[in-house]
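Residue strings, one per chain:
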Amino acid sequence: RRNSAAGQAFFGERKMSTSIDGEADVVAGEEPEYEEKLDEQPKSILMAMIRQLKTGMDLSRVTLPTFILEPRSFLEKCSDFMAHGRLIQDISATTDPLERFLTVIRWYLCGWHFKPPGVKKPYNPILGEVFHCKWDYGDGGTTYYLAEQVSHHPPISAFHFVNRKAGWVLNAAINPKSKFLGNSAASIMDGQASLHILPLGETYTFNFPSYYVRGLLIGVMRMEIAGDVQISCKETGFQWNATFTNRGYFKGENNSVSGKVTRIGSKETICKIDGRWDRVIKITDKKTGSTNVFLDVEAEKQKSFMPLNVDPEDKQKYFESRRVWSQVTRGLKTQNLDYATEYKTKLEDGQRAGKKERDERGQGWETKVFEKVAPNDPLGWRCKICKFTTYNPNDPEEEKFGAQLKALADSGELAVGSELMATLKGSST
């Protein structure tokens with residue numbers, strides 16, 4: 001494993017040219033797992049699309065070529081946050097407030113290393129699309145995940161994690177805002193999340209970094225994560241302000257994150273956390289000057305990773321993510337891009353047909369799994385079954401909780417036209 005250090009390679013030793021958006025180009029082969037070199041045909045398709053774009057243009061209404069898709073929905077991708085959920089299973093039993101706060105940071109930083117090779121983006125969910133799964137921790141209870149696409153324009157995904165026995169619940173909503181920036185494209189993750197530790201009455205609020213694809217015109221395409229983030233908890237009085245960065249012209253390391261833990265309202269650093277979010281992150285105590293490993297991603301994969309438990313496709317409802325996108329996924333996995341594109345187009349056309357049919361009837365769209373709790377906040381969504389009471393092992397209702405969430409997820413409906421609706425329902429019977 002390479003050490004995370006700024007300036008491992010001097011600028012004069014690297015062959016770089018200047019991209020039109022001011023970023024240093026990617027060096028081919030430097031980190032192939034984050035790079036994508038297109039063949040001539042897909043490259044010509046991408047270039048033809050780019051020629052129609054202007055710098056700063058909103059990409060939310062632009063149909064992207066199928067070959068850049070990751071074969072899963074954005075709703076499923078958001079479940080990555082709980083793949084290392086074991087890290088926060090016992091957080092309510094941690095007595096030291098600072099250690100609890102650092103545990104939340106460690107868990108948060110474990111959610112970014114999941115990605116397919118190259119440069120890929122997940123499917124844009126169809127309005128009304130639902131994804132749900134779970135992780136069973138035995139005596140530690142079961143963590144449930146529900147997600148729904150609650151808005152199409154603007155695109156907003158709402159999601160909900162909960163483990164009643166462990167004593168925590170997480171609500172979040174994200175509005176990805178895509179922009180063309182010249183030699184790069186950005187997906188700004190405008191979102192907010194709240195993690196509630198119920199027995200302690202603590203709430204940890206946080207936001208998300210953004211995704212960038214560099215080298216669209218010049219150099220090699222590379223996927224990057226960048227941006228400022230903050231985790232704060234008023235009850236403990238701590239906050240963490242950090243920045244995700246990548247290599248610049250003269251210094252820096254790809255896939256880096258650096259931040260400081262302080263008291264809310266104070267500039268005095270308690271500890272500094274920095275390193276590579278895909279390798280090793282270290283923590284430095286500013287009082288003692290000691291530095292230790294805070295997170296070893298490879299070691300944590302072996303220690304705390306748990307795959308999600310999701311119903312097989314043939315058991316899913318027609319509006320569930322894997323069922324909705326099954327034919328597109330089949331095309332991508334068999335490298336039949338024409339087949340994938342055909343079914344992706346059917347879904348997009350069906351969504352437009354659904355909007356037209358509702359407009360003709362004078363009807364709006366009503367969400368099934370989530371509800372708006374803050375009318376003036378576009379991100380103010382919450383799961384319709386959301387308990388903020390502490391777990392009571394003597395309450396028989398606790399045993400019914402999982403079934404109640406499943407019934408809520410099963411109440412979904414996809415916002416597509418009647419023709420596609422009949423096809424999808426028929427394929428799920």
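Everything here concerns the structure above.
Residues numbered from 1 in each chain as written. Predicted model: local features only at pLDDT ≥ 70, side-chain atom pairs only at ≥ 80, totals over all residues. Heavy atoms only, no water.

Structural notes on the pairing of strand S4 (residues 130-136)
- The buried fraction of S4 is high, at 5 of 7 residues.
- Where S4 meets strand S5 (residues 142-151), 7 bridges bridge the pair, whose relative direction is antiparallel. The residue of S5 that forms the bridge with His132 is Leu146.
- Between the antiparallel neighbours S4 and S5 lie 5 residues, among them Gly138 with a positive phi of about 65°. (Buried < 20%, exposed > 50% of the residue type's maximum accessible area, 1.4 Å probe, protein only. Helix = DSSP H or I, 4+ residues; strand = E, 2+ residues; numbered from the N terminus. Pairing = 2+ DSSP bridges.)

Some points on the pattern of salt bridges
- By the definition in use, this model includes 18 salt bridges.
- Lys177 is the partner of Asp190 in a salt bridge, and the nearest nitrogen-oxygen pair spans 3.2 Å. Here Lys177 lies in strand S7 (residues 168-180) and Asp190 lies in strand S8 (residues 184-197), a separation of 13 residues in the sequence.
- With a relative accessible area of 40%, Lys177 lands in the partly exposed category.
- For Arg222, the salt bridge identified is with Glu224, shortest N-O distance 3.3 Å. The pair formed by Arg222 and Glu224 is uniform in burial state, with each residue classed as buried.
- One network of salt bridges, with partners in common, ties together Glu70, Arg72 and Asp80. (Salt bridge = Lys/Arg side-chain N within 4 Å of Asp/Glu carboxyl O.)

Things to note about unusual backbone geometry
- With an omega dihedral of 0°, the bond running from His153 to Pro154 counts as a cis peptide bond.
- Position of Pro154 among the secondary structure elements: in the loop between S5 and strand S6 (156-163).
- Its identity as a non-glycine residue notwithstanding, Asn255 has a phi of 55°, on the positive side.
- When you line up the elements, Asn255 lands in the loop between strand S12 (238-245) and strand S13 (256-263).

Looking at the packing of aromatic side chains
- By the definition in use, this model includes 23 aromatic pairs.
- Each ring, one from Tyr144 and one from Phe401, has its centre 6.3 Å from the other, and the planes form 75°; the classification is edge-to-face. Within this pair, whereas Tyr144 is found in strand S5, its partner Phe401 is found in helix H8 (residues 397-409), the two being separated by 257 residues in sequence.
- You can call Phe401 buried: its relative accessible area is 2%.
- Both rings, one in Tyr145 and one in Phe161, keep their centres 4.4 Å apart while their planes meet at 25°; by these two values the pair is stacked. One end of the pair, Tyr145, is in strand S5; the other, Phe161, is in strand S6, and 16 residues separate them in sequence. We note that Tyr145, like Phe161, is buried.
- An aromatic cluster is defined as three or more aromatic residues linked by ring pairs; in this entry it consists of Phe81, Trp107, Tyr108, Trp112, Phe206, Phe208, Tyr211, Trp240 and Phe244.
- Geometry around Trp365 places Lys368 over its ring, the cationic atom sitting 6.0 Å from the centre. (Phe/Tyr/Trp six-rings, centres within 6.5 Å; stacked < 30°, edge-to-face > 60°. Lys NZ or Arg CZ within 6 Å of the ring centre and 35° of its normal.)

Things to note about the packing of helix H6 (residues 326-333) against helix H7 (residues 337-361)
- Remark: H6 packs on H7, axes separated minimally by 7 Å, with the N-to-C direction vectors making an angle of 160°. The angle between the axes of H6 and H7 places the two elements in the roughly antiparallel class. Both H6 and H7 take part in a crossing whose hand is left-handed. Across the interface between the two elements, Gln327, Val328, Arg330, Gly331 and Leu332 of H6 pack against Leu337, Tyr339, Ala340, Tyr343, Lys344 and Leu347 of H7.
- Looking at side-chain class alone, the contact of H6 with H7 contains 7 nonpolar, 2 polar and 2 charged residues. (Axes fitted to C-alpha atoms, helices over the stretch in contact; angles between N-to-C directions. Parallel < 35°, antiparallel > 145°, perpendicular 65-115°, else oblique. Left-handed = near helix turned anticlockwise from the far one by under 90°. Contact = heavy atoms within 4.5 Å. Nonpolar A, V, L, I, M, F, W, Y, C, P; charged D, E, K, R; others polar.)

What to know about the nonpolar core
- With 73 residues, the main nonpolar core has Ile105, Trp107, Tyr108, Leu109, Phe159, Trp240 and Ile273 as its most contacted residues.
- Among the elements that make up this core, the one with the highest residue count is helix H3 (residues 97-109) (7 residues).
- Those residues within four positions of Ile273 in sequence are excluded, and the remaining contacts are Leu102, Ile105, Leu109, Trp240, Val257, Ser258, Gly259, Val261, Ile281, Lys282, Ile283 and Phe294. (Core = buried A, V, L, I, M, F, W, Y, C linked by side-chain atoms within 4.5 Å.)

Comments concerning H6
- The set of residues buried in H6 consists of Ser326, Val328, Thr329, Gly331 and Leu332.
- The elements touched by buried residues of H6 are strand S2 (69-73), strand S3 (121-123), helix H5 (321-324) and H7.
- One or two positions beyond H6, positive phi appears at Gln335, with a value near 60°.

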